[in-house]
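# Structural features, examined
Here are the chains, one letter per residue:
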Amino acid sequence: MKTTGPEGLRWYAVQCKSGESFRAAEHLNHQGYTVFHPVMQREKRQRGKTGQVLEPLFPWYLFIRMNPLQDNWAPVRSTRGVIKLLAFGREPVPVPDALIDTLRQQVSDQAMVSKEPRFQAGERIEITDGPFKALEGLFVHGKEDERVVVLLNILQQEHRITLQSRQIQGSPKS
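All of the points below concern the structure found in this document. (Residues numbered from 1 in each chain as written. Predicted model: local features only at pLDDT ≥ 70, side-chain atom pairs only at ≥ 80, totals over all residues. Heavy atoms only, no water.)

Counting its regular elements, the protein contains three helices and 14 strands. Expressed as a percentage of the 174 residues in the protein, the buried residues total 34%. Considering only contacts within the protein whose residues lie at least 6 apart along the sequence, 58% involve residues at least 24 apart. For the protein, the exposed area adds up to about 11,300 Å²; of that, 51% sits on carbon and sulfur atoms. (Helix = DSSP H or I, 4+ residues; strand = E, 2+ residues; numbered from the N terminus. Buried < 20%, exposed > 50% of the residue type's maximum accessible area, 1.4 Å probe, protein only. Contact = heavy atoms within 4.5 Å. Areas by Shrake-Rupley, 256 points an atom, 1.4 Å probe, with all protein chains shown as cover.)

Spelled out as structure tokens, the structure:
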């Protein structure tokens, strides 16, 4: 398992204070370190509204790329939001490049999926959850906060309703 990158650079795990991994990543970046802070988009309800938020994949950790023989460890340990470098004894333990590459790919794939439009205007959909479950309608458009507008024919009248995007799927009859 290869852990050494070009010019002796290696990845190391940095433990952060609770809720401060974004701050630690920002401060380490400002100090010129190469930082990988894997995050994912997640739907979250706050103050009565549902929206997308970025959350760390590992809430207490991020990764930093350093040369163990040339770089100074002291600034990392004293950076705001950082608790310590993960180590056995006094030696920080390198993280394999292959693991970082896999994490980068996973984060990239998740970002691509969340940006792709799931439906086209006029496409038939089926509602999978909520009071209109099992009804079919037409997709009108998506909204900025993971909501969608759907056109339903109820009692011989067309009604536009707004749903969470997770409440619909492509209609099997289309």
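Once the structure has been displayed, the description carries forward.
Below, the discussion takes up helix α1 (residues 21-30). Taken residue by residue, α1 has Ser 21, Ala 24, Ala 25 and Leu 28 as its buried positions. Down the axis of α1, the buried side of the element spans an arc of 100°, and every buried residue falls inside it. Where α1 terminates, the next one or two residues include Gly 32, which has phi positive at roughly 95°. (Arc of directions from axis to C-beta.)

Strand order in the open sheet formed by five strands is β13-β12-β11-β10-β14, with antiparallel pairing between adjacent strands. A single partner strand is all that each edge strand has here, and the edge strands are β13 (157-164) and β14 (168-170). With direction set aside, neighbouring strand axes in the sheet form an average angle of 45°. Taken together, the three bridges between strand β10 (residues 124-127) and β14 define a ladder with antiparallel strand orientation. What sits directly across from Ile 127, in β14, is Ile 168. (Pairing = 2+ DSSP bridges. Axes fitted to C-alpha atoms, helices over the stretch in contact; angles between N-to-C directions.)

Our focus in this paragraph is the layout of surface pockets. In this structure, the second largest pocket occupies an estimated 210 Å³ of space. Lining the second largest pocket we find Arg 10, Tyr 12, Pro 68, Trp 73, Arg 77, Lys 84, Leu 85, Ala 87, Arg 90, Glu 91, Pro 92 and Pro 94. Listed by contribution, the elements that provide at least two residues to the lining of the second largest pocket are β1 (10-16), β6 (82-85) and β8 (91-92). Split by residue class, the lining of the second largest pocket holds seven nonpolar, no polar and five charged. (1 Å grid on protein atoms, 1.4 Å probe; cavity = no way out; pocket = protein on both sides within 12 Å on 5 of 7 lines; lining within 4 Å. Points joined across faces, edges and corners; volume = space filled by probe spheres on them. Nonpolar A, V, L, I, M, F, W, Y, C, P; charged D, E, K, R; others polar.)

Put simply, side chains in a regular strand alternate between the two faces of the sheet. Where strand β12 (residues 147-154) and β13 come together, eight bridges link them in antiparallel fashion. Looking at the pairing, Val 150 lines up with Ile 161 of β13. The antiparallel hairpin formed by β12 and β13 contains two residues in its connecting segment, where Leu 155 sits at a positive phi of about 55°.

Note that Ser 165 resides in the loop between β13 and β14. Residue class for Ser 165 comes out buried when judged on its relative accessible area of 10%. With near-sequence residues (within four places) excluded, Ser 165 lies in contact with Arg 118, Glu 146, Arg 147 and Val 148.

Let us now look at the environment of Pro 92. Among the secondary structure elements, Pro 92 is positioned in strand β8. For Pro 92, a relative accessible area of 17% gives the class buried. Every residue in contact with Pro 92, bar those within four places of it in the chain, is listed here: Tyr 12, Trp 73, Leu 85, Leu 86 and Ala 87.

Now for the packing of aromatic side chains. Counted according to the given criterion, the structure contains four aromatic pairs. The interplanar angle of 70° and the centroid separation of 6.5 Å between the aromatic rings of Trp 11 and Phe 36 together place this pair among those described as edge-to-face. A residue pair is termed long-range when its members are at least 10 positions apart, and Trp 11 in strand β1 and Phe 36 in strand β2 (residues 34-36) qualify at 25 residues. For the pair Trp 11 and Phe 36, one class covers both residues: buried. (Phe/Tyr/Trp six-rings, centres within 6.5 Å; stacked < 30°, edge-to-face > 60°.)

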